[in-house]
Every structure is written in C-alpha cells, then in structure tokens.
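If you want the building blocks of each chain, they are given just below.
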Amino acid sequence: MEQLVSALLIMIIGVLACAAYFYASNWLLDVLFPSKNKPADIVAKNIHITNTVRPWLFIGPALIALTFYLIYPVIESIRLSFLGRAGEEFVGFDNYAWLFSSDTFYQSFKNNMLWLIVVPTASTFFGLIIATMTDKIWWGNIAKSLIFMPMAISFIGASVIWKFIYDFRSGDDAQIGLLNAIVVFFGGEPQAWITVPFWNNLFLMIILIWIQTGFAMVILSAALRGIPSETIEAAVLDGANSIQIFFKIMVPQIWGTIAVVWTTITILVLKVFDIVLAMTNGQWGTQVLANEMFDWMFRGGGDFGRGAVVAIVIMVLVIPIMVWNIKDVNKEMEGR
Amino acid sequence: MMAVSSSRSSLMWVVHITVFILVVMWTVPTAGLFISSIRDKDQLSVSGWWTALSVSEQRLVARSEHPDKQVFSSDGRYEIRGNILEHQDSSITKFGSSSLRPDEFDVGVVAQLKGGKTLQVLENGDYIYSSPEQWKGKRGKRIFYTANIPPRFTLDNYREVLTSEGLAKSFINSLAVTIPATIIPILMAAFAAYALAWMKFPGRALIIAAVVGLLVVPLQMSLIPLLKTYNLIGEFFGVGSKGYIGIWLAHTGFGLPLAIYLLRNYIAGLPGEIIESARVDGANDFEIFSKIILPLSFPALASFAIFQFLWVWNDLLIAMVFLGNNEEQLVLTGRLRELLGSRGGNWEILTASAFVTIIIPLCVFFGLQRYLVRGLLSGSVK
Amino acid sequence: MADLKLTNVSKRYSNNVEVMRDINLDIKQGEFIVFVGPSGCGKSTLLRMISGLEDISGGTLEIDGEVVNDIPPALRGIAMVFQSYALYPHMTVYDNMAFSLRIAKLDQETIDHYVRKAADMLQLTEYLDRLPKALSGGQRQRVAIGRAIVRKPKVFLFDEPLSNLDAALRVATRMEIANLKESMPDSTMIYVTHDQVEAMTLADRIVLLSAGNIEQVGTPLELYSLPRNVFVAQFIGSPAMNILPATIYACGETTKVNVAGQTNITLPIKTDAGEKNKTAQFGIRPEDLQVSENGDYVISGNIEFVESLGESTLLYIKADGCSDLVTCKLQGILKFKKGDDVKLSASPEKMHLFDANGMNYREV
Ligand SMILES: Nc1ncnc2c1ncn2[C@@H]1O[C@H](COP(=O)(O)OP(=O)(O)OP(=O)(O)O)[C@@H](O)[C@H]1O
Ligand SMILES: [Mg+2]
C-alpha cells in the first residue's frame, strides 16, 4: 500500500514536471515578448522573436532526448569499439580482429542470418494467408483478433508459454509439454527440444513467428481490402480461378505493403534478445548477436570494447533499411 | 463479390476449417498457460493441462497419525486410525506399505503385513493400522496409495506468486515505470510533431530525416554508452544510477522516433485551413497546439499510447540495464526471468507469474484493439 | 473602417518563382472588392498576404495608413472565411464563434453577447450547441461567417466561400452575403472567386488577375463594356467574346477595318495614323450579334452546330478567315440547323478593337 502511494506520487510528479516545462516555457516567452497592447514596431519585433524561438521550445526536449539516447550513443559506441575492456586504453582494431576470429561470433552471425531469413518470411507468409482467408468468412474478425493477440504478450511471457510447450520429462513420467505429448501419442520418442542443435533455433523462431504473424496479418489485410474490387471482378470475367487471382492480381498490387511488413519484422528480428535469453541463454548453439552483446556487456566483468563491436555489427546490418527509409521520406516531402 | 457456386462453397469449407486450425494453433499456447496456472500444483506436475478436466490417477504417499494416537482396541491390538486423503473428493483404488510395491493391495482388503501387522484402507481414505505390539517411533508410518483424483482448480498459485514470490510488488513497479514512460514521450513527441508539421524553422527537413533514420537504430547500440553516462551522473550527484527517472527517460528516448514519426504524419494531415483560421483568430502556436491540435489528434495519440504502453510493459532489456535487479525495483518481466532461472521446474509458479505479467497487456489489447490497428496502419501502409 | 493600400507588392516562394509581381491596389473603406482570375493566377496568395498568413516578399501593405507587413494576422483587424469553412470540428457552434474572443480574453458576458448577436443575425441560434459535423453545408458556411463577424473586423476576407455548396444554395448564400454587406456598410470586404456571376453580382469593384498580375480594376460593368485587353474581354462574359482577325486600313476619328477578310467595317474608335495596315483583333460578344436582316453583316459562315437552351439559342459558326468557331447567342428558340448559312450583324458601339498585343484601342 505504502509502495503504491509512493509509486503514484512519483508518477504524478514525473508527468507534471514534463507538462510544466512546456507550459512554463511558453508562458515565459509570451511574457518576455508580449504581442498585445504595444506599438506596432515592438509588436513586429516581438512576434519575430517568438516565432523564431517557439519551434525550439516545442522540439527542444525531443531533440535533446534523441541526441542523448540515440545519436550520441551511436558515436560513442564507435569510439568504444577501439578501446579495451574498461573503455580506457586505445587498442586499435583489436576488437574487430577478435570479432572476426571468434567462433561464437560466427555462430551468432549465422544464427542471426537464419532468423533474418526465416522469421520475416514465415510471418509475412502466414500473415498473408490468414488475411486472405479471414476476409472471406463471417467470423473472420474474431479469428483475426485471436491470432493478433500474441502481439500484446511480452517476449519473456511468450518464452514461458512456449517453454511449457517444449517441456521434457525423462523416463516414463507423463509428458506435460504439449509437443512431447503429441510426439508420444504418435508413438515417437520424446525429446528435450531446445537442446537439439540446429533445430532448436527453429523452435525459438517459432515463438517470434507466433508473435509477429498477427502484425503482418493486420497490415496485409488492410492492404488487401484496399485493392480496387474492379480489378478482381475483371479477372473473374477473364476466367481466372481463385489461386490465379490471388497470385497474379492481388499479390502484385500489395507488393509495397509486403515490403514494409517484411522490413519492419526484419528490424525487430535483429534486436531479438529476450527470447534467446529466456529460453537457452545462447546455449546449445542458439546464440544471436544481441544476446552475445549483452553477454560481453554484463557478464564476466564486462568488456565494453567487445560489446560495442557486436553492437556495431547490428547497426551495420540495419543501415541499408535506414537509408532506404530516409530516401522514401524525402521523396514524400518533395511532393508537398 | 463473386458469384457463389457449389465448387466455391466446398472451397469455403476448406477455408473455414483451415482458419479454425490456425486459430487453434495460435491460441492453444496461451490457453494452456492459463489453464495450467489455475490447476492444483500436484496435478499440474504429473499430467498435461489438456487432461485438466478428466479424473487423474496419482500415486501418492501419506503418513499415518503419530504413534501417540494409538488406541488399545477391544480385540487386544494396538490400532492407529485416521484418514489419509487431503481432499475428500478423491477415491483410493490401491494401497501398499512399502515403496517397492505401492499398489500391492486392492482397496478395502485387510492386508497382512509382516510381524502380524495389518493395514486396511478404505476407498474414502479411512485406514486402520493395527499391530499386536505397541507402536513406537517418532513419526507415523508411511502408507502408499493410488488414488483417482477429480479435476481440481485453485487460485492458490496466484496467491503464492503475488505474495511470497513478490509479484505484487513487481506489478506496482511495472505500473510506476510504464505509465510515465508512456505519457512523457507522447507529450514531447506531440509538441515536436506539431513543430515539424506546421511551424517554419531552419533545419526542419534535416530533423525529419534524422527521426526517420533513428527509427531503426537498434537500441543495443545505446546501452553501453548510456550505462557509462548514467554511472557518471549518479556519481556526480551522489545518488544511485538506477532509478525511475532514468528508465522513464530511457524509454522516452527510445520511443520518441516512432512517436514523432506517427504523430507528425497524422498532424501534418490535419486540414491546414483550420490551423490558419485559428491563427487569424489570434491564437499563438501554443494555443493552437493545446486547443486545436491535441483534441483533434486524439486517435493518433491513443494509438501511440497503446504501442508505447505495451512496449514498455513488455520490455525486459531496458529494465534490466537501467533499473537493476534488486528485490525492490524488479519489474514483472525481470521477475519472470528471475523465476525462470530459480524456479525453472515449478510450472505452477511460472505459469501463474507469466499470466500475471500478460494480463494487463491482454486487457489493453482487447479493449483498445481498434486504436492499435489504426496506429499500425498509419505507421506502415504507404 | 479601413482603407487598404498595396504598393508594389510581390510574392516569391522558396523555389524563387515569383508568383505575384508589382501589385498596386487602393481599396476604400466599405468597398466590396472581388478578386477573380483563372486558377493558379494568385488570388488566394494575394488574399493570404493581406491576411498575414503569407509573408509579403516585396512592397508594402498598409491598413488605415499603417504598414502592416510584419504584423501578425490576429492584430491586423481582419477576419477570414475559408473555402472549406475550417470550423473547429471538436467545438460546438457556440465555441467556434467564441474562440477568438476567448483567445482575446474578453469576459464571459461580452463573449456571450457577441456570439448570440451574430447567431441571431445568421439564424444560427438553434444550432449553437451542435458540432459542425451535424450541420448542413450552408449552415456551416454561416457559422464560418459568424465566426468572422463576432470579431468586428475592419476587413473581411473570403476565399471562395461558396464553391463547396450546390448550385441552389450558392445563389441563396450569395444573396445572404450581399445582405450582410448591406448591414455592415462600413466594413471592407475582399472576396475571392473564380465564378464570374458571383463577381459581377457582389462586387463594387472587380480586380481581375492573371498569372500574378492585375489585368484590370473596375466596376463590373466597366470590365464588361470596356475591357482593357483581350484577356479581360474574354474572361468576363459567358460565352466568351469572339475575337476575329482584322486589318486596319484607315485611321482617324473613326477606324476602318477588314474583318477576317470578309467585310469592311467602320468603328467609332479613334486611332493614330501610324496604326494603318497593322493587323488587329476584332472583338464582338456573342450576345451582341444578330442575324442580319438588311444584308449588312460583320461575319458570315456555315453553322457547325446548334445548342438550344430554351431562353436562348447558341450557334457555333465556321466562318472563312477565322480559325476558331464564332459563337452567337440569340434570344428565344430558333429553328436553325446544322449546315445553314447565316450572316451576322452587330451595332458598331458594341464592337471592340484590340491591337496585336491585345490592348484595347478605346481609351480605358
Ligand atoms: N507554397 C507554395 N510554393 C510554391 N508555389 C506556390 C505555393 N503556393 C502556391 N504556389 C503557386 O502560386 C500560384 C498562385 O497560387 P494561388 O493559390 O494563389 O492560386 P489561386 O488563384 O488561388 O488559384 P485557385 O483558383 O485554384 O484557388 C500558383 O501558380 C501556385 O502554384
Ligand atoms: Mg485559391
């Protein structure tokens, strides 16, 4: 109870402080440079000043936060990647040399690539299939809602859910993990799935696919509904069957959206960390870059230099997407 | 849309069935978690949750009453009487007196044991242990039995995780982290988005491009430098480097690019004449923002609020790095991870804890799905 | 309450294209001025410069003798009515009208008084508690006007306020605006439209713009009967004035021209001797042409097609020597058919003569 009250108090103070900044700074500006009941030349000057200052009052906090939390760290990480464990002595390219000779790095990189290929593809694929089918049935919205639901579940929560499914009991004990129960039911041999090399990667990916399919589905479903129905009707009149209509008429018209969904999930996959941490912590050949970085950062005393190098690898992987996005938005802005 | 024919209606059946199977595949994992979390912990550990509604056969062991309670019966034997069942709804089928042969005797039979002792266990759990000599020893004798136990549901697991496992405390921590970390970035982003959409100042295009670029920067990049800076700041002010303000601001920084991007798209789409009209009416930018833009942007603000709420609530990484792992500050996700390590085999704890962590997001999700979908669409569909 | 004076006003956007050049304009207090011109000519830009929503790149704008180039919109004493009405969708009609007064921090009583008076005047009293989305287009338009009225501005600015209304409502609202003007004889109004009927019926004076320049300023009838150049002549009046090729062969107090190689005409227009043998442009409005009765004619040709509108009949005539069809508007229902030959005459006072650059030979 006491804890609840203090939590409540600190929340209110935090939010109010932020709101107060905006209110007070604008109020101060208007008081310092009033634009009412003054001679015209002073008004003109004051208006000019307030118009110059006010955008920065508005955007200032966001700009500072972005700089401090995202821009500065990127630069600092690059600097740290040339420094040693504690981030003090300059070691040149040693960290990079270590990186490229490290087996665990290769393994993480390979696994990450596997994630990058499998998860976005599978999620987009399932999303598209489900979006198409649910649009045709009367209870489609309920179905969509249920498939979308895992979106709301944390990676760690999802990990518990799936760890329970992959649970393994040795000996003759009844299997309480669903997967092994099914395997046993069909006469198979139960397994500790998350320790089976290589395949365990897929078992972890299923979790993310389970979460992300709903996202792909919602967006693709909106895109599908945006397709002008005349094009489909025309194809029907031309004698195309459902499959042909789907692949030759509908899919080509939503390529743009498919690409957006695909890249969004790709970015997410690059940062995937919680699932691996919770399920295997990188054991049994499931390490990925994000978790490896975390390892270097916090375990065994920490090696900031090596951690930074791994972070930079992740950054390099997203740069193409970043450039593409910026180009896109610039094109849009020119149209205005 | 298309003409209905018989081949089409059979195709529709395929669609119905496929979608049904997919829906089952997507919901069963969560359903399993929930069902398990309300099962009795003894049942949970020996049978799959899908059997939760059927009667389960369990091999159990109990101890008889303490030898103190023995009575000297009329036929000259020393007897201990009592009932071995905890719950009266189960029924015993077999019993035995040694761990080697726990199901040696059928229920109701008077079992002849060595030394002239006899043991009789009835279906309802009543037993009579009798011996020609006086019972000795400090503890009761073990009785092995096999019982049919009906399905049993309980909230005990929740009671346990909320109190002794400290989940209640973590729940409040999660709220204290999440609510400000949702509102503060919205406030900042809304102001910034308005400035980027409707105010003229040098460098505007550059800032917009930067925001779009930062949209994809992996936050792993930020952890090491920020951690170092936080430590410095903490030292400088002589306070701990881990606290609420630090994590609020961290979530704010990481959430801002998406927030600014989404809100700017929305606010830039508002009709310009309304804003000009307000300007002619004498409103300055602050008044335009607070009296016109904020009320009109409600749908966009709501969508982003839901995103940010889910994201912060579900976040593990930032909480681990910026909030520390001590008992007092642990948030739900962190607590769940801790339990996964320390109580890895206790599924009654894990399932109940996991459900506690996901219940709020699920409520938010089902309650405000409309806004969530709208936000997703405005962010991604070009 | 206010005179407006624009001196050498120009506008340049960031892409350095000059969209307005050297605009000079004097507007007297209480005048109803209409800006017309083809789409993209800069009407809105000029209006928005007057309102202060758009910066003035060059020249000065004075209101009541005071230069207001740097004064923000709210302090210029203007009110603006937008094409889309720009009502605040989340506020009731009352709040919409009260908004500017609240910003100005007037007391509640005064605000209420002004709002109710304006609502009364515009028959909006029963809608005061509604949101804009629950109003019809015409009602929304009236709210927008009401919002302007409550501020008691010196100058009203309207940017195509009727173009979102259907035809019938447009006529009704046009009259309402005319009434409004009458009830506020001291306010200056500037009104942008591309509908020339609105311009002709509402304006005290019309400012005709084209490609960032003022082509002509004058009363509606001046623009109709004495257009300064071919552009004005063709823009005002519907169907547009016919322009036929002509050659001047005698100058003096009257001018003799040959029209399209067909006929020789004497016009009551004075020209200098130097104009002799120059090519010119002969203008005649479709409604000023008649079917020739006595054999004299201006132009003759073969009917290409006929449009019967009931009250009038339009003939489109292919005439020798003219590249464009000649339009002729005759009163009543007439039995012409395609292929008929017709000869058309007109009275010399109604004829116009422009030089090769399009300027009117008559003194404007
Ligand atoms: N922000 C801008 N940047 C560059 N050029 C602009 C801008 N706004 C308008 N223009 C140009 O200025 C010219 C005048 O535009 P304006 O809107 O004033 O035309 P208008 O006469 O109101 O036309 P309409 O009848 O279609 O409303 C146009 O050629 C237009 O392309
Ligand atoms: Mg315009």
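Residues numbered from 1 in each chain as written. Chains lettered and ligands numbered in written order. Predicted model: local features only at pLDDT ≥ 70, side-chain atom pairs only at ≥ 80, totals over all residues. Heavy atoms only, no water.

Re the interface of chain A and chain B
Contacts between the two partners involve 114 residues from chain A, matched on the other side by 115 residues from chain B. Of the roughly 10100 Å² buried where chain A meets chain B, counting both sides, 80% is carbon and sulfur surface. Looking at the side of chain A facing chain B, the largest losses of area belong to A:Phe58, A:Tyr69 and A:Phe164, adding up to 8% of the total buried there. At the boundary of chain A with chain B, the tally comes to 0 salt bridges. For the interface between chain A and chain B, the tally reads 10 residue pairs in polar contact (both at pLDDT 80 or more). Of the residues that constitute the side of chain A that touches chain B, the class distribution is 81 nonpolar, 19 polar and 14 charged. (Contact = heavy atoms within 4.5 Å. Buried area = accessible area lost by both parts, 1.4 Å probe. Salt bridge = Lys/Arg side-chain N within 4 Å of Asp/Glu carboxyl O. Polar contact = N/O pair within 3.5 Å; in protein donor to acceptor, adjacent residues only side chain to side chain. Nonpolar A, V, L, I, M, F, W, Y, C, P; charged D, E, K, R; others polar.)

Looking at empty space enclosed by the protein
For the coordinates displayed, the defined rule picks out 7 cavities of 30 Å³ or more. One number sums up the size of the second largest cavity: a volume of about 60 Å³. As for the second largest cavity, its lining consists of B:Ser277, B:Val280, B:Asp281, C:Ala79, C:Met80, C:Phe82, C:Ala144, C:Arg147 and C:Ala148. The set of elements that each furnish at least two residues to the lining of the second largest cavity consists of α8 (272-280) of chain B together with β6 (78-81) and α4 (137-149) of chain C. Element by element, the count of residues in the lining of the second largest cavity is highest for α4(C), at 3 residues. Considering only residue class, the lining of the second largest cavity consists of 6 nonpolar, 1 polar and 2 charged. (1 Å grid on protein atoms, 1.4 Å probe; cavity = no way out; pocket = protein on both sides within 12 Å on 5 of 7 lines; lining within 4 Å. Points joined across faces, edges and corners; volume = space filled by probe spheres on them. Helix = DSSP H or I, 4+ residues; strand = E, 2+ residues; numbered from the N terminus.)

Quick look at the site of ligand 1
Residues and elements named next belong to chain C. The immediate surroundings of ligand 1 are formed by Tyr13, Asn15, Val19, Ser39, Gly40, Cys41, Gly42, Lys43, Ser44, Thr45 and Glu160. Contact between ligand 1 and Gly40: an oxygen atom at 2.8 Å from a main-chain N or O atom of the residue. With respect to ligand 1, the backbone of Gly42 contributes an N or O atom lying 3.0 Å from an oxygen atom. The fraction of the free accessible surface of ligand 1 (630 Å²) that becomes covered by protein chains is 59%. Residues that form the shell around ligand 1 fall into these classes: 3 nonpolar, 6 polar and 2 charged. (Near = heavy atom within 4 Å. Areas by Shrake-Rupley, 256 points an atom, 1.4 Å probe, with all protein chains shown as cover.)

Overview of the domain arrangement of chain C
Residue and element names in this part refer to chain C. Split by domain assignment, chain C resolves into domain 1 (4-235) and domain 2 (242-354). Each of domain 1 and domain 2 has a C-alpha centre, and these two points are 39 Å apart. Contact between domain 1 and domain 2 buries roughly 600 Å² in total, counting both sides, with carbon and sulfur atoms accounting for 57%. Among the residues of domain 1 in contact with domain 2, Tyr224, Val230 and Ala233 are the three that bury the most area, contributing 69% of the side total. Linking domain 1 to domain 2 there are 2 residue pairs in polar contact (both at pLDDT 80 or more). Here the side of domain 1 that touches domain 2 is composed, by residue class, of 5 nonpolar, 3 polar and no charged. (Domains from an automatic or database assignment.)

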